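Structural description and commentary
In case you want the letters, here they are:
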Amino acid sequence: MTRLPGHEQPMLRRREARDRALFDLDDGPVTPSNRAELTSVADLLNALLATLVVSSLQFDQHASVVRAPSHGTLAAFLRACADDDRAAARLLAGRVGQLGFAAEYDPEHLAARSRVSFRAFPDADLSGIVTQDLVGARILVQTLQEAVRWLADDDPTTRGLLERLLTNKEDQADGLSAEAASATGHL
């Protein structure tokens, strides 16, 4: 590897980059410079995918029981959170596929792999609903933070995806916290 003047990052020579790119073409975007143990990364991503699917179902269920017209903003926010979590799960599934593995959507096993527990509430328990959803969002924030630290520089593409999802989940938790405070008046 050569170094550009004034730069600390290594730069592959053109021929070396081409030779490395030609190695194991069946691996798609995963090149030899990806140092991650791919089975472990796929397992991690599938656990996060399961967590996001369960979280999205919980948000949908909670939005469906928030029926009072005065809580329409909260119900709309919960539906938007469900949509965001489903979109994030699709991104993770796409990355799992790029790494050469299958995304695991089997409903029989989603709850077991999820870091978030699904809990339903009667429609009158807004405090329970928003607290449960906020706790779930915070669990995902912590899990994503740990995943980013664990990946370090071994798989920059997956780390970047998780960092984007982390930012979105922190924003979601912040919004949910504000909705919780306005819906319940005390959280």
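A few words now on the overall build of the chain. Each helix and strand in the chain was counted, giving six helices and two strands. Reading the chain from its N end, one meets helices and strands in the order β-β-α-α-α-α-α-α. Out of the 187 residues in the chain, the part that is buried amounts to 40%. On the chain, roughly 10600 Å² of surface is accessible, and the fraction owed to carbon and sulfur atoms is 53%.

With that out of the way, let us pick up the side chain of Arg-113. Mapped onto the secondary structure, Arg-113 falls in helix H4 (residues 107-113). On the basis of relative accessible area, Arg-113 is assigned to the buried category, the value being 18%.

It is worth spelling out the pattern of salt bridges at this point. Scanning all chains against the criterion turns up seven salt bridges. A salt bridge links Lys-169 to Asp-85; its shortest N-O distance comes to 2.8 Å. Of this pair, Lys-169 sits in helix H6 (residues 156-184) while Asp-85 sits in helix H3 (residues 72-98), and the two are 84 residues apart along the sequence. Relative accessible area serves as the criterion here: at 4%, Lys-169 is assigned to the buried category. Relative accessible area serves as the criterion here: at 2%, Asp-85 is assigned to the buried category. Between Glu-104 and Arg-113 there is a salt bridge, with its nearest N and O atoms 3.6 Å apart. Taken together, the shared-partner salt bridges in this structure form one network comprising Asp-60, Asp-83 and Arg-86.

The rules behind these values
- The residue count restarts for each chain, going from 1 along the sequence in the order it is written.
- In keeping with the predicted nature of the model, local features appear solely for residues at pLDDT of at least 70, side-chain atom pairs appear and are counted solely at 80 or more, and the whole-chain, interface and lining totals rest on all residues.
- Side-chain figures throughout are based on the complete set of non-hydrogen atoms in the structure, without hydrogens or water.
- Segments assigned H or I by DSSP are reported as helices when at least four residues long, segments assigned E as strands when at least two residues long, and all are numbered from the N terminus.
- The buried label applies to any residue whose accessible area, calculated with a 1.4 Å probe on protein chains only, is under 20% of its type's maximum; exposed applies above 50%, and partly exposed to all values in between.
- Calculation of accessible area relied on Shrake-Rupley with a 1.4 Å probe; when residues are assessed, cover is drawn exclusively from the protein chains displayed.
- Between Lys or Arg on one side and Asp or Glu on the other, a salt bridge is scored when a side-chain nitrogen of the former is within 4 Å of a carboxyl oxygen of the latter.

The quantities given are spatial measurements derived from coordinates; they are silent on function.
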